[in-house]
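Understanding the architecture of this molecule
Below are the chains, spelled out letter by letter.
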Amino acid sequence: MTDRKYLYTERAHYMCPNMHFGIMAEIGAVFDANGIIKSIDALKSAHPLMRSLIAEEQGSSRIYYEEHPELEIPVTVKEADDNWLTDYEAVSTAGWNVQKEALIKVFAYPSGSGTRVLFITHHLLCDGRGLLQLVQEFADCYSNGTEPLCVDEKLMKSLDDLPGGSDLRFISKVLINDSNKKWHKEGHKVSYDEYLKFERDHDSKQYIKREIKCVDGEELDTLIGLCRENGVSLNDYLVAKMMIDEGTDKVVIASDIRNKIKNYKKGALGNYATAFGVVVKKRSSDIMELAKAVDHEVSSIISKPDKEMLVLSCYFNMDPELLDAIAISTLGSFDSKAGRFVGSKMFGYEKRDGHCITNLGRAESSVIEEGVFIPPASPANRKAWGVLTINKKMRICSIDS
């Protein structure tokens, strides 16, 4: 079938644990459980990926989003004093069978005279910016009756969808081609049932600590003013702060590429982001001097498509079934030298000492009062920050794992 939406770069999230994240939003509208469910149904009608499960194509190695119009999005109505972080952790430890469970789960809580919602999504549904857009659509629908815009997602299918010059450099391509050849010689693959067993075992041994820091009012105004005076962004500052706090010279940051690729449709779900490592070898103890060095490195990377799109190019060049085997080969008992090499040398799953920041930026909203972005707890990272600023209220959710 030519109209099937196959997984390409999304394939990297298919058989990897902790590939979920969330947004908690405080909405200034009276709590209405039925209104919440109706708004979620409206979102599902607007977005094909929301009403899809993941299916494996018979007779091939391809997997795709299979639409199920009758699919119900789980909406759990809670009490006002229930802890949403506790609910998030319960989802994290339960595992996620994407062949049988919807790719998003919603919790709703009365909150004073308003409503609190927690959206938890699998990375196969969207990236962080996509989830923020979805929460904003929900809030507009729930508060004002605004119908979400129907968008038929068009996912990235090949290197041709990326900016010119995005393909791998010679050495990287040789490494991946060699890994593909070794994988083919091994002559086996990971079944999804085998992965789910590994995921349950892996999750049962994890301890993930999540904390939230609030920066708003005069403190945030002062920080933004200081960044402007020094010609750096707030994100540059946060990267520098993580480098100093954690004693590291490398931080991986997420980068939204919606305005750089050819097939993104405004409002579509899916993954339209990349990630790259920012390295500053000579760290200054002065945070603003370090932020300037970070700004220089980021500017250099995003000016070169082969550097900014490196991780996506890796996904496009790698055998999809090898992508499936990376996590379980490095962190579990599946025996694959090719998978373990890629997982340890390229993805950082062996050392698991990475540092990462995903900043969804700043938004003004008349219906959302504030929000918290809970980033994925990637197996490659020891520390991750999720940053979201709504109505001049910045929330940083830190993860230690």
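Residues numbered from 1 in each chain as written. Predicted model: local features only at pLDDT ≥ 70, side-chain atom pairs only at ≥ 80, totals over all residues. Heavy atoms only, no water.

**Looking at the environment of Arg 382**
Defined as follows: Here a strand is any run of E in DSSP of at least two residues, a helix any run of H or I of at least four, and the numbering for each starts at the N terminus. Here the term buried applies to any residue with accessible area under 20% of the maximum for its type, exposed to any over 50%, and partly exposed to those in between, with areas from a 1.4 Å probe on protein chains only. In what follows, a contact means two residues having at least one pair of non-hydrogen atoms within 4.5 Å.
Tracing the sequence through the fold places Arg 382 in strand 13 (residues 381-390). Classification of Arg 382 as partly exposed rests on a relative accessible area of 33%. A C-alpha to C-alpha distance of 25 Å links Arg 382 and Glu 289, two positions 93 residues apart in sequence. With residues near it in sequence (within four places) discarded, Arg 382 still touches Glu 246, Arg 352, Asp 353, Gly 354, His 355, Ile 399, Asp 400 and Ser 401.

**What about the layout of surface pockets?**
Our working rule: Grid points spaced at 1 Å and placed over the protein atoms alone form the basis of the search, with a cavity being a set where a 1.4 Å probe fits but cannot get out and a pocket an open set showing protein on both sides within 12 Å along at least five of seven lines. Lining residues have an atom within 4 Å of a point. Grid points are joined across faces, edges and corners, and a volume is the space filled by probe spheres set on the points. Polar here means any residue other than Ala, Val, Leu, Ile, Met, Phe, Trp, Tyr, Cys and Pro, which are nonpolar, and Asp, Glu, Lys and Arg, which are charged; Gly is therefore polar.
Considered as a void within the structure, the second largest pocket measures approximately 320 Å³ in volume. Surrounding the second largest pocket, 16 residues form its lining, Gln 133, Gln 136, Glu 137, Lys 266 and Gly 267 being those nearest its centre. Here the element with the most residues in the lining of the second largest pocket is helix 3 (residues 128-144); it accounts for six residues. Of the residues that constitute the lining of the second largest pocket, the class distribution is five nonpolar, four polar and seven charged.

**Details of the nonpolar core**
To be explicit about the condition: Each nonpolar core is a collection of buried residues, namely Ala, Val, Leu, Ile, Met, Phe, Trp, Tyr and Cys, held together in the definition by side-chain atoms within 4.5 Å.
Within the largest apolar cluster, 99 residues are counted, with the highest numbers of intra-cluster contacts made by Ile 54, Leu 118, Phe 119, Leu 125, Leu 131 and Phe 138. Broken down by element, the residue count for this core peaks at seven residues, all from helix 3. Not counting chain neighbours up to four residues away, the residues in contact with Ile 54 comprise Leu 7, Tyr 14, Ile 63, Tyr 64, Tyr 65, Val 98, Gln 99, Leu 103 and Leu 124. Among the nonpolar cores identified, the runner-up in size contains 29 residues, and Leu 220, Met 243, Met 394 and Ile 396 belong to it.

**Some words on the pattern of salt bridges**
Inclusion rule: Salt bridges are identified by distance alone: a Lys or Arg side-chain nitrogen within 4 Å of an Asp or Glu carboxyl oxygen.
Considering all chains together, one arrives at 27 salt bridges under this definition. Measuring nitrogen to oxygen at the nearest pair gives 3.8 Å for the salt bridge that ties Arg 382 to Glu 246. Residue Arg 382 is located in strand 13, and its partner Glu 246 is located in helix 7 (residues 234-246); the two are separated by 136 residues in the primary sequence. When salt bridges that share partners are traced, they join Asp 127, Arg 129, Asp 256 and Arg 258 into one network.

**With respect to the packing of aromatic side chains**
We apply this condition: Aromatic contacts are taken between Phe, Tyr and Trp rings whose centres are within 6.5 Å, Trp giving its six-membered ring; a plane angle under 30 degrees counts as stacked, one over 60 as edge-to-face, and the others as tilted. In this scheme, the term charge over a ring applies when either NZ of a lysine or CZ of an arginine sits within 6 Å of the ring centre and within 35 degrees of the ring normal.
Following the criterion strictly, the structure yields 10 aromatic pairs and no others. Seen from their ring centres, Tyr 264 and Tyr 272 are 4.8 Å apart, and the 65 degrees between their planes marks the pair as edge-to-face. Residue classification places Tyr 272 among the buried residues on the basis of a relative accessible area of 0%. With a centroid separation of 6.3 Å and 40 degrees between ring planes, the pair formed by Tyr 315 and Phe 347 is classed as tilted. You can see Tyr 315 sitting in helix 10 (residues 310-317) and its partner Phe 347 sitting in the loop between helix 12 (337-346) and strand 11 (354-363), a full 32 residues away along the chain. Here Tyr 315 and Phe 347 have matching classes, each one buried. Sitting above the plane of the Tyr 64 ring, Arg 4 keeps its charged end 4.0 Å from the centroid. Looking at Arg 62, its charged tip hangs above the ring of Tyr 6, at a distance of 3.6 Å from the centre.

**Regarding the state of the cysteines**
Spelled out, the test is: What counts as a disulfide here is a pair of cysteine sulfur atoms lying within 2.5 Å.
A full pass over the atoms with the stated rule returns zero disulfides. Distance from the sulfur of Cys 214, which forms no disulfide, to the nearest cysteine sulfur (Cys 397) is 11 Å. Under the relative-accessibility criterion, Cys 214 is labelled partly exposed at 44%. The structure places no disulfide on Cys 227, whose sulfur is separated from the nearest cysteine sulfur, that of Cys 214, by 18 Å.

**Some thoughts on the packing of helix 7 against helix 8 (residues 287-302)**
Test applied: Axis definition: a line fitted to C-alpha atoms, over the contacting stretch in the case of helices. Angles run 0 to 180 degrees between N-to-C directions. Definitions for this section: a left-handed crossing has its near helix turned counterclockwise from the far helix by less than a right angle. A right-handed crossing has that turn clockwise.
Between helix 7 and helix 8, whose axes approach to 8 Å, the crossing angle comes to 115 degrees. With respect to the hand of their crossing, helix 7 and helix 8 are arranged in right-handed fashion. Listed contacts from helix 8 to Asp 236, Tyr 237, Val 239, Ala 240, Lys 241, Met 243 and Ile 244 of helix 7 are Ile 287, Met 288, Leu 290, Ala 291, Val 294, Asp 295 and Val 298.

**Examining the sheet that holds strand 14 (residues 393-400)**
Rule in force here: Note on pairing: DSSP must find at least two bridges between two strands before they are called paired.
Spatially, the six strands line up as an open sheet ordered 8-14-13-11-9-10, and their pairing is mixed. Looking at strand neighbours, the two that pair on one side only are strand 8 (209-216) and strand 10 (273-279), the edges of this open sheet. Shown here is a sheet whose adjacent strand axes are inclined to one another by a mean of 20 degrees, direction ignored. Alignment of strand 9 (residues 250-256) against strand 11, held across two bridges, turns out to be parallel. If you follow Val 252 over to strand 11, its bridge partner there is Cys 356.

**Some details on the pairing of strand 2 (residues 20-27)**
Burial analysis of strand 2 places eight of its eight residues in the buried class, which makes it a mostly covered element. What you see with strand 2 is no split at all: His 20, Gly 22, Met 24 and Glu 26 on one side and Phe 21, Ile 23, Ala 25 and Ile 27 on the other are buried throughout. Pairing of strand 2 with strand 7 (residues 114-122) involves eight bridges; the strand directions are antiparallel. Among the inter-strand pairings, Met 24 is bridged to a residue of strand 7, identified as Leu 118. In the sheet, strand 2 pairs with strand 12 (residues 368-374) via six bridges, with the strands oriented antiparallel. The residue of strand 12 that forms the bridge with Ala 25 is Gly 371.

**Concerning empty space enclosed by the protein**
For the structure on display, the rule yields one cavity of 30 Å³ or more. Of the voids in this model, the largest cavity is the one considered here, and its volume is about 60 Å³. Lining the largest cavity we find 13 residues, and of these Asn 18, His 20, Gly 95, Trp 96 and Glu 199 sit closest to its centre. Only helix 2 (84-94) and helix 5 (192-204) provide two or more residues apiece to the lining of the largest cavity. Considering every element that reaches the lining of the largest cavity, the biggest residue donor is helix 5, with three residues. Split by residue class, the lining of the largest cavity holds six nonpolar, five polar and two charged.

Geometry only, nothing functional implied.
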